[in-house]
Amino acid sequence: MQIDQQVMKNIFVFMPRGRLDAASAPLLRERLAAGDGGNMVLDFSAVDFMDSSGLGALVAGARRLRAQHGDIKLACIADTVRRVLELTRADRLFDIYDDPEAAISSFAPEKSV
Amino acid sequence: MKERVTLELPPDLHFLRLAAMAGAEAARYAASAIGMQRQDVFTHAVELAVSEVFTNAVKHRRAATPAWHVMIHFGINAGDLEVIVKDRNPHFDLDSVPSPDVDAFPEDGYGLYLVKQVMDTVTVRREAQCNIVTMTKTIRPEDAT
Amino acid sequence: MKTLLVIKANTFDWLQAVFPDRSPLLASVCNKPLLEYLLDFAILCGSRHFRLATDMPLAKVEAVFGGGGRWGIELTYAPIRKTDDLATALQKNSRYCAGSRLLVMQGCFFLHYDKQKNYGPFMQTTAPGELLTCATGRILIHDATPLKTAPSPDGSPPPLALTSLRSIGELYRLSMRVLGRDARQYVLPGYNNETDVYIGRNVMIARSARIEPPVMIGDHVQIHKNAIVGPGAVIGRNVIIDAYSRIHHSVILDKTYVGEHLVLDRKLAGGRRLVDPGEETMVQLEDAHLLSTMRPSSRGRNRLQRLGHGLLAALLWVVLAMPYALLSFILKRQGRWRRSEAAYWVDSSGRSVRLTRVFLNPSGFCGRIAASLALDRYPLLGRVMRGDLALIGTRRLPATAANRAVIEADAGYRPGLFSYAEAEHWPVPEYDQDIVDRFHLAHQTLIYDFVMMVKVLLNKLHEETALCKSISK
């Protein structure tokens, strides 16, 4: 799996491409752990499938970031990803946007990388 | 109308996508057999369940054992699907796998929980040194979009 | 034009407090979910896109409404968090909301409108801002684009009003109002050949029963002999009204069994809960055969029944021994016979036993014979003889914590080798069989059970034919 990365308005924006499953979850975990805290937006527009392994990587990343007073927000999740988040009630853990720019703008100006 | 499709895959995550997508296609075929064209919920459920069970088969494999294949068998009827996944891992008892405490947002342990949520029935039995996970799902008219 | 509906769980606390196991998003007035009234209204306004943004679980709603194909619209879903206000909900759906006039509905309310009127021009020309408000919600227009200068509609604006929903009482009064007065303003479910009578699919009404309009009856309902339903009755789906009962000015929610000789007047009943909307009081009935006259179940009778079931099981065990031995051997060799074991609850005291399940492939000559004789159940006949199972009873529930809670909440659990619903072959298997099982359990005697067993075995003989017919529909 490929994870594109860019910085917009001082926020890390990651865009994983493909499936978030046991094969690709370790890469996501690694990329989410690589930062020094701060804020991130995960753009899911190119993710068509996520299972519990992908979810685990997401939850681990969020927990780590929030412990460092940062945050992670999700954008453009497909219905398949949404259903997995709902079944596990992990949708209560994340702010989910239908537009990555709105997710980026939602971070208060002082909370940047 | 039962059609049977069997895959034998090495217990390796490189084949995870193949396994899961085979599940999705089998589900699509089962749905199209009763004239249901869009059945996203049904298809996704099967794809997710196969992904989880195959992942478990790979994760719990003991490296020292001789090579074996994971067998995934689809029994496709008009409007319902039976999925059987067979591996040679040590015995596990479905009833003793704890459900995750979703309110505590754990980082793992969701796999079988998700499978039980999305599939109609899930059973595990042991036969000739193999774990056999059998899952069924019937398409409901409201699963069509 | 697009529509965004923002609903939070806390606006339904009043409903969850009384009916915690019912999905608030599917709360209904006259058997039509509140959500569907709003969908219909959005379509009347010319909206072809509808998004539901909520902090509540969406699986059940999505199972019912899907992607909106049934209404010819695109229906999408967006999760929001408990703490999100309207501004945040709009921001989380900014891509959806951009580029067109937006009708925003927020909160928990009933919207009064008239399906005969055209709301499109009105919605297009009204100035953005709050349109209507009530104690529990509001509707407003959002528009980033310049106001359309469409010709203003003739006459006064079409009828539109909001009613708050804060209690079961308000829900009840609304149901009575819609049924009794405003039914023609909405698209209501059911066949409506006669004024003020709406009847759903698969409804059985005994010849001696009486239906008095206005009345609304949902799908898969049984109304037994000499029952009187109406005037002013709303009966949900999967409901049984047993003999001699009378339902007046009352609402019976889905999946409810109303026992014999009961009078429900100005009440709302659902499952085992009975609400008096006037007094805003609620009673939970302990008798699992909800509201029924008690059928005395003395220990003597239980022992006699167990004996009777055991004897019949022993007879079947002997008679079917040879076919079982032969056919199971053949089918095992053909790979059409698999056994597995699982734990099931056997009574309401928390006792569980491991039962053998046989998965039998009914194709081929041997498979069909084995299925007709229900040989997949043969291994469990020993359990019937031992008294762990009844020969015929309610559906066997796997031993899980969730099922434990179901059994504890509902003392009417007598797991059988066969279930009463199989004898009835009604309703169709994918709908709730438990109501039918409960009805029969309330009426059972030893002779009754023997008759039902004969029906089960006859049904088995015709099962494959029935299955083929249902698939081809």
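Worth saying up front: this structure is predicted, and the values here are computed from it rather than measured.

Draft legend 1. Expanded view of the overall build of chain C. Per the secondary structure count, chain C includes 15 helices and 29 strands. When the 473 residues of chain C are sorted by exposure, 40% land in the buried category. In chain C, 58% of the contacts between residues at least 6 apart in sequence involve partners at least 24 apart.

Draft legend 2. Representation of the overall build of chain B in the model. Secondary structure assignment for chain B yields 3 helices and 5 strands. Across chain B, helices and strands are ordered from the amino to the carboxyl terminus as β-α-α-β-β-α-β-β. Taken against the 2.2 N^0.38 rule, which gives 15 Å for 145 residues, the C-alpha radius of gyration of chain B at 15 Å falls within 12% of a compact globule. By its C-alpha atoms, chain B is 45 × 40 × 25 Å across when sized along the principal axes. With 145 residues in all, chain B has 40% of them scored as buried. Counting contacts in chain B only where the partners sit at least 6 residues apart, residues at least 24 apart contribute 71% of the total.

Draft legend 3. The arrangement of the interface of chain A and chain B in detail. Contact with chain A, which involves 21 residues of that partner, is made by 18 residues of chain B. For the side of chain A that touches chain B, the secondary structure elements donating two or more residues are helix H2 (52-67) and helix H3 (79-87) of chain A. Take the side of chain A that touches chain B: its biggest share by element is 6 residues, from H2(A). Residues of the side of chain A that touches chain B, tallied by class, amount to 10 nonpolar, 5 polar and 6 charged.

Draft legend 4. Structural detail: the sheet that holds strand S19 (residues 246-248) of chain C. Residue and element names in this part refer to chain C. Taking strand neighbours across the sheet as the criterion, the 4 strands line up as S13-S16-S19-S22 in an open arrangement whose pairing is parallel. Looking along the sheet, the strands with just one partner apiece sit at the ends: strand S13 (210-211) and strand S22 (263-265). Note that S19 and S22 share 3 bridges and pair parallel. Looking at S22, one finds that Arg-246 is bridged to Val-263.

Draft legend 5. Region of interest: the domain arrangement of chain C. Residue and element names in this part refer to chain C. By domain assignment, chain C separates into domain 1 (2-167), domain 2 (189-284) and domain 3 (299-472). Between domain 2 and domain 3, the residue contacts involve 8 residues of the former and 7 residues of the latter. Residue composition of the side of domain 2 that touches domain 3, grouped by class: 2 nonpolar, 4 polar and 2 charged.

Draft legend 6. Local environment of the environment of C:Leu103. Residues and elements named next belong to chain C. Looking at the secondary structure, you find Leu-103 in strand S6 (residues 102-107). The sequence separation of Leu-103 and Asn-403 amounts to 300 residues, and the corresponding C-alpha distance is 43 Å. Leu-103 has contacts with Met-1, Thr-3, Ala-42, Cys-45, Ser-47, Met-123, Ile-139 and Ile-141, leaving out every residue within four places of it along the chain.

Draft legend 7. Molecular detail of helix H10 (residues 364-372) of chain C. All names here are of chain C. Within the sequence span of H10, burial applies to Cys-366, Gly-367 and Ala-370. Down the axis of H10, the smallest arc covering the buried residues is 100°, so these residues share one side. On its buried face, H10 sits against helix H9 (321-333) and strand S27 (352-360). One or two positions beyond H10, positive phi appears at Ala-374, with a value near 55°.

Draft legend 8. Layout of the nonpolar core. All names here are of chain C. Ranked by internal contacts, the top residues of the largest apolar core, which has 116 residues, are Leu-38, Ile-235 and Ile-392. Top element by residues in this core is helix H2 (residues 34-44). It accounts for 8 residues. Those residues in contact with Leu-38, other than ones at most four positions away along the chain, are Leu-5, Met-105 and Leu-111.

Draft legend 9. Structural view of the packing of helix H2 (residues 40-59) of chain B against helix H3 (residues 111-118) of chain B. All names here are of chain B. Axis separation between H2 and H3 bottoms out at 9 Å; the angle between their running directions is 150°. The pairing of H2 with H3 is recorded here as roughly antiparallel in orientation. Regarding H2 and H3, the two cross each other, and that crossing is left-handed. Facing H2, whose interface residues are Ala-45, Leu-48, Ala-49, Glu-52, Val-53, Thr-55 and Asn-56, H3 presents Gly-111, Leu-112, Leu-114, Val-115 and Val-118. Residues belonging to the contact of H2 with H3 are distributed by class as follows: 8 nonpolar, 3 polar and 1 charged.

Draft legend 10. Molecular detail of the confidence of the model for chain C. Residues and elements named next belong to chain C. Residues with a pLDDT of 70 or more make up 89% of chain C, whose mean pLDDT is 84. Throughout residues 292-301 the model reports pLDDT below 50, and contacts reaching past four residues in sequence, or to other chains, amount to 11 contacts. Note on the complex model: pTM 0.80, ipTM 0.92.

Draft legend 11. Broad picture of the pairing of strand S4 (residues 49-54) of chain C. All names here are of chain C. Burial runs high along S4: 5 of the 6 residues are buried. Inspection of the sheet shows S4 paired to strand S5 (residues 74-79) by 6 bridges, in the parallel sense. Each residue of the ladder has a partner; that of Leu-52, found in S5, is Tyr-77. Read from S4 through helix H3 (residues 59-65) to S5, the crossover connection turns out right-handed.

Draft legend 12. Fine view of the sheet that holds strand S20 (residues 250-252) of chain C. All names here are of chain C. Strand order in this open sheet of 7 strands is S11-S14-S17-S20-S23-S24-S25, and the pairing throughout is mixed. Either end of the sheet is taken by a strand with one partner, and the two such strands are strand S11 (197-199) and strand S25 (281-284). Neighbouring strand axes in the sheet, compared pairwise and without regard to direction, differ in orientation by 10° on average. Two elements, strand S17 (residues 233-235) and S20, share 3 bridges in a ladder whose sense is parallel. The partner of Ile-235 across the bridge, within S20, is Ile-252.

Cut-offs applied
- Residues numbered from 1 in each chain as written.
- Chains lettered and ligands numbered in written order.
- Predicted model: local features only at pLDDT ≥ 70, side-chain atom pairs only at ≥ 80, totals over all residues.
- Helix = DSSP H or I, 4+ residues; strand = E, 2+ residues; numbered from the N terminus.
- Buried ≥ 20, exposed ≤ 12 C-beta atoms within 10 Å, placed from the backbone.
- Contact = placed C-beta atoms within 7 Å.
- Rg over C-alpha atoms; globule rule 2.2 N^0.38 Å.
- Nonpolar A, V, L, I, M, F, W, Y, C, P; charged D, E, K, R; others polar.
- Pairing = 2+ DSSP bridges.
- Domains from an automatic or database assignment.
- Arc of directions from axis to C-beta.
- Core = buried A, V, L, I, M, F, W, Y, C linked by C-beta atoms within 7 Å.
- Axes fitted to C-alpha atoms, helices over the stretch in contact; angles between N-to-C directions.
- Parallel < 35°, antiparallel > 145°, perpendicular 65-115°, else oblique.
- Left-handed = near helix turned anticlockwise from the far one by under 90°.
- pLDDT = per-residue confidence, 0-100.
- Right-handed = clockwise from strand over helix to strand, strands pointing away.

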